[in-house]
Amino acid sequence: MNSVGRPTRPETAGGEANDYIHPTLTGARGLLQDEALIFELGGWDKTGVDLVDAELDASDLGDLVRTDPIGLPGLSEPEAMRHYVRLSQKNHAIDLALYPLGSCTMKHNPRLNEKAARMPGFSDIHPLQPVSTVQGALQLMDRLAHWLKTLTGMPAVALTPKAGAHGELCGLLAIRAAHRAAGHGLQSEHPRNTVLTPTSAHGTNPATAAFVGYKVEEIAQTADGRVDLADLEKKLGPHVAAIMVTNPNTCGLFEREVVEIARLTHEAGAYFYCDGANFNAIVGRVRPGDLGVDAMHINLHKTFSTPHGGGGPGAGPVVLSEALARFAPTPWIVHDENGFDLAERAEGPAAEAFGRMCAFHGQMGMFVRAYAYMLSHGADGLRQVAEDAVLNANYLKAVLSAEMSPAFPEGPCMHEALFDDAWLDGTGVTTLDFAKAMIDEGFHPMTMYFPLVVHGAMLIEPTETESKAELDRFADALLKLARAAKAGDVERFKGAPYHAPLRRLDETLAARKPRLRWTPTDPAKIAAE
Amino acid sequence: MRFTKDHEWIELDGDVATVGITAYAAEQLGDVVFVELPGVGKALKTGEGMAVVESVKAASDVYAPLDGEVTAINDALSGNPETVNQAPETDGWFAKVKVADTAALDALMDRDAYEAFLATL
């Protein structure tokens, strides 16, 4: 049963009576317009481009040829441009301000990365080009692989997974292939069919395990927020395929017993999958391979500063231990005296590859950005990244503890500071209300109500890219809000956000009666359809 | 009416038990937006998942409180999941189960024992 105390609908009506702002006649706020959908802008009979009518001599479609207008919105170039720029103004972005989402590592994306990724030798190539014409790109992938293997102390890496969860899938498929090769596949007489995850796991861990065909069992957590070794030992057995543990975990704590966790897991014949989402806290300081990890994904969009969406897809390469290396998916980069090549087929050294994770070779643009980040930091710089990320989180934990209650007050945290909602007891203000009030004060909220094991959780990850001045500004706003909540200024929170483009949303209504399709309301437009 | 520590209620009529989640469970879950019910005829084993309740931000398994076979489900919940919040212990029932061994109910809590259990949480 999940009971993190999260309200999902506004408690006050949020109407004009509660509005701090004098309502405008147009719905705009300052120079921020109330933006319509693109289908509601312009007209059906307009277009921003002047194309010559195409002449078709014949069509193979027969009576399937469309004869009605297709109903695309008609906008001139400035209308289309303004629509998207106005929408972008309503978005939050790391280029605008601090983005303190916990377990997300929203660090600055250096412009140097972008410059490198736009070099035509990287940006204008095609995955089907002859390999002799893309030797530089292949060399970059090989060097990136070398850095990832060196930083993690692991002998192999699969570069192709395109996100963290895709990396989890890759790692578990390698583990499944290894058990199958050992005669313990899911259909075998003595199957290893269970994956263990701690109660504080990212939701993707059990989801990935279930997707691969495994049963999922939870490992209990100790009072100090870490894996309960006794419970782990009890649940390990000949039916267990793997454990999935995040380290540092989602409570922002280092799993001190990680070596023992690995030993127990291996002793039971299972593999140790480490969720590398929080690698930023230990990069350059700890090599997961030394801890006994068998597989770990590395979110390049977290630790290695490539964009989270927006700039394109993510990348979640997976490093593999000696035991799993031979099952890694193709393609593999190989090189000899003639240069670099791609081993695409499951043959030769890749004979036991479990398959492929994607059609081509992964996200080249992300590889370039991540490698640029590594080279610009160097090994010493990456080590300092981890140190500064942990220092910043501990600074916030210390400062905010003046008014807020840390979920695990004992000892330092790693890269993120976790608070519960005990400090809000009796104020009538919830974590959600507090987060919405933060928006009014100019700060994007932290991760809320996660991890599930902490009531009303507030998980703050500042990353190393925020200066002390920015951390102070953030902490000052939160402390002022906290004091307002304790002083009984409940209306400030219950009606928040007052200043955002939209007020408090009714998530329950949205989930129960979602409107998934736009329907035209203008009769003229309906007639034109 | 009998109760489990997983916050289900069971009302026995002959050898058919009506099963749902308690008012406490509905309150803790928050606004329910979807209920996934078992198929009629499904064989249930105590402690195994029989239904899934989704609120806006979480999905929770509901475990079978008894061995038996599903004979009817509350189809009305698919269109009106809010019934689980409004009337959890009456109209918000989940399934009717033909119970394999009605004596197994004796091991479950009565209302007084359940209330006492809630007080410890």
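Below: a short report on this structure. Note on numbering: residues in each chain are counted from 1, in written sequence order. For this description, chains carry letters from A and ligands carry numbers from 1, given in the order in which they are written. With the structure being a predicted model, the display of local features is reserved for residues of pLDDT at least 70 and the display and counting of side-chain atom pairs for 80 or more, all residues being used for whole-chain, interface and lining totals.

### Some remarks on the overall build of chain B
Now for step 1: Check the secondary structure of chain B and you find four helices and nine strands.
Now for step 2: Going from N to C terminus, chain B has its helices and strands arranged as β-β-β-α-β-β-β-β-β-α-α-β-α.
Now for step 3: Relative to the globule expectation of 14 Å for 121 residues, the C-alpha radius of gyration of chain B, 13 Å, shows essentially globular dimensions.
Now for step 4: Burial in this document is a count-based property: other C-beta atoms within 10 Å of a residue's C-beta are tallied, and the residue is buried at 20 or more, exposed at 12 or fewer, or partly exposed in between, with C-beta positions derived from the backbone. Scored against the burial criterion, the 121 residues of chain B give a buried share of 40%.
Now for step 5: Contact between two residues is assigned when their C-beta atoms, built from the backbone, lie within 7 Å. A fraction of 62% describes how many contacts in chain B between residues 6 or more apart in sequence connect residues 24 or more apart. Only DSSP runs of H or I covering at least 4 residues are called helices, and only runs of E covering at least 2 are called strands; the numbering of each starts at the N terminus. As defined in this context, the radius of gyration uses C-alpha atoms, and a globule is described by 2.2 Å times the residue total to the power 0.38.

### Details of the overall build of chain A
Now for step 1: Per the secondary structure count, chain A includes 16 helices and 12 strands.
Now for step 2: For 529 residues, the compact-globule formula gives about 24 Å, and the C-alpha radius of gyration of chain A, at 26 Å, lands near that figure.
Now for step 3: Within chain A, the fraction of its 529 residues that count as buried is 40%.

### Comments concerning the pairing of strand S4 (residues 240-246) of chain A
Residue and element names in this part refer to chain A.
Now for step 1: Burial of S4 is extensive: seven of the seven residues sit out of reach of the surface.
Now for step 2: The pairing criterion for strands is at least two bridges between them, as found by DSSP. Taken together, the three bridges between strand S2 (residues 194-198) and S4 define a ladder with parallel strand orientation. Note on S4: the bridge partner recorded for Val195 is Ala242.
Now for step 3: In this structure, S4 lies alongside strand S5 (residues 271-275), joined through five bridges in parallel fashion. Of the residues in S5, the one forming a bridge with Thr246 is Asp275.

### Overview of the pairing of strand S2 (residues 8-13) of chain B
All names here are of chain B.
Now for step 1: Pairing between strand S1 (residues 2-3) and S2: two bridges, direction antiparallel. By the bridge assignment for S2, Phe3 is matched with Trp9.
Now for step 2: Here S1 folds back onto S2, and the loop between the two strands holds four residues, one of which, His7, carries a positive phi near 70 degrees.
Now for step 3: Hairpin connection from S2 to strand S3 (residues 16-21): two residues lie between these consecutive antiparallel strands, with Gly14 at a positive phi of about 65 degrees.

### Describing the sheet that holds strand S4 (residues 32-36) of chain B
Residue and element names in this part refer to chain B.
Now for step 1: Spatial strand order, S4-S6-S7: three strands in an open sheet with antiparallel pairing. The open sheet has two edge strands, S4 and strand S7 (59-63), and neither has a second partner. Between one strand axis and the next, the sheet turns by 25 degrees as a mean value, whatever way the strands run. Helix axes are fitted only over the stretch in contact, all axes being lines through C-alpha atoms; the angle between N-to-C directions runs from 0 to 180 degrees.

### Here's the deal with the sheet that holds S1 of chain B
Now for step 1: Spatially, S1-S2-S3-S9-S8-S5 (chain B) is the arrangement adopted by the six strands of the open sheet, whose pairing is antiparallel. The open sheet terminates on both sides in strands that have one partner only, identified here as S1 and strand S5 (43-44) of chain B.

### So, the environment of Gln33 of chain A
Residue and element names in this part refer to chain A.
Now for step 1: Along the polypeptide, Gln33 turns up in the segment before helix H1 (77-89).
Now for step 2: For Gln33, a count of 16 C-beta atoms within 10 Å translates into the label partly exposed.
Now for step 3: If sequence neighbours within four positions are ignored, Gln33 has contacts with Ala28 and Arg86.

### Some thoughts on unusual backbone geometry
The general pattern is negative phi for most residues beyond glycine and trans for most peptide bonds.
Residue and element names in this part refer to chain A.
Now for step 1: The omega torsion of the bond from Asn247 to Pro248 falls at -5 degrees, within 30 degrees of zero and hence cis.
Now for step 2: Looking at the secondary structure, you find Pro248 in the loop between S4 and helix H8 (258-267).
Now for step 3: In this structure, Pro451 follows Phe450 across a cis peptide bond, with omega equal to 0 degrees.
Now for step 4: With respect to the helices and strands, Pro451 occurs in the loop between strand S11 (447-448) and strand S12 (458-460).

### Remarks on the nonpolar core
Now for step 1: One finds Ala174, Leu320 and Phe367 of chain A to be the most contacted residues of the largest nonpolar core, which totals 123 residues.
Now for step 2: Per-element tally for this core: the top contributor is helix H11 (residues 364-400) of chain A, with 17 residues.
Now for step 3: If near-sequence neighbours (up to four positions away) are discounted, Leu320 of chain A is found in contact with Met154, Ala156, Val157, Ala158, Ala174, Ala295, Ala325 and Ala328 of chain A.
Now for step 4: Note on terminology: a nonpolar core is any set of buried Ala, Val, Leu, Ile, Met, Phe, Trp, Tyr and Cys residues joined through C-beta atoms within 7 Å. Grouped together as the second largest cluster of nonpolar side chains are 27 residues, Leu29, Ile73, Val84 and Val99 of chain B included.

### Focus: helix H5 (residues 164-181) of chain A
Residue and element names in this part refer to chain A.
Now for step 1: Here a helix's expected span is defined as the number of its residues, less one, multiplied by 1.5 Å. With 18 residues, H5 should reach 26 Å at 1.5 Å per residue; the first-to-last C-alpha distance of 26 Å fits that figure.
Now for step 2: In terms of burial, H5 is a largely internal element, 16 of the 18 residues being buried.
Now for step 3: Once H5 finishes, Gly183 follows within two positions and takes phi at roughly 85 degrees, a positive value.

### Focus on the environment of Ala359 of chain A
Now for step 1: In this fold, Ala359 of chain A is placed in the loop between strand S9 (339-343) and H11.
Now for step 2: On the neighbour-count criterion, Ala359 of chain A (7 C-beta atoms within 10 Å) is exposed.

### A word on the packing of helix H4 (residues 135-152) of chain A against H11 of chain A
Residues and elements named next belong to chain A.
Now for step 1: One can describe the packing of H4 onto H11 by two numbers: an axis separation of 10 Å at closest approach and a directional angle of 55 degrees. The angle between H4 and H11 falls in the class oblique. Of the two possible hands of crossing, H4 and H11 adopt the one that is left-handed. Along the contact surface, H4 presents Ala137, Leu140, Met141, Arg143, Leu144 and Trp147, while H11 presents Met364, Phe367, Val368, Ala370, Tyr371 and Met374.
Now for step 2: Broken down by class, the residue content of the contact of H4 with H11 amounts to 11 nonpolar, no polar and one charged. Throughout this description, any angle smaller than 35 degrees is read as roughly parallel, any larger than 145 degrees as roughly antiparallel, any in the 65 to 115 degree range as roughly perpendicular, and the remainder as oblique. By definition, any crossing whose near helix is turned counterclockwise from its far helix by less than a right angle is left-handed, and any crossing with a clockwise turn is right-handed. For this classification, Asp, Glu, Lys and Arg are treated as charged, while Ala, Val, Leu, Ile, Met, Phe, Trp, Tyr, Cys and Pro are nonpolar and the rest, including Gly, are polar.

### Thoughts on the packing of H5 of chain A against helix H6 (residues 204-212) of chain A
Residue and element names in this part refer to chain A.
Now for step 1: Where H5 contacts H6, the two axes come as close as 9 Å, and the packing angle between them is 45 degrees. In terms of orientation, H5 and H6 fall into the oblique class. The handedness of the crossing between H5 and H6 is right-handed. Contacts between H5 and H6 involve Gly164, Ala165, Glu168, Leu169, Leu172, Leu173 and Arg176 from the first element and Thr204, Asn205, Thr208, Ala209, Phe211 and Val212 from the second.
Now for step 2: Grouping the amino acids of the contact of H5 with H6 by side-chain chemistry returns seven nonpolar, four polar and two charged.

### Points about the environment of Pro127 of chain A
Residues and elements named next belong to chain A.
Now for step 1: Inspection of the secondary structure assignment puts Pro127 in the loop between helix H3 (120-123) and H4.
Now for step 2: With 12 C-beta atoms counted inside 10 Å, the residue Pro127 sits in the exposed group.
Now for step 3: Taking the C-alpha atoms as reference points, Pro127 and Gly362, separated by 235 residues in sequence, lie 9.6 Å from one another.
Now for step 4: Sequence-distant contacts of Pro127, that is, excluding residues within four places in its chain, are made with Phe360 and His361.

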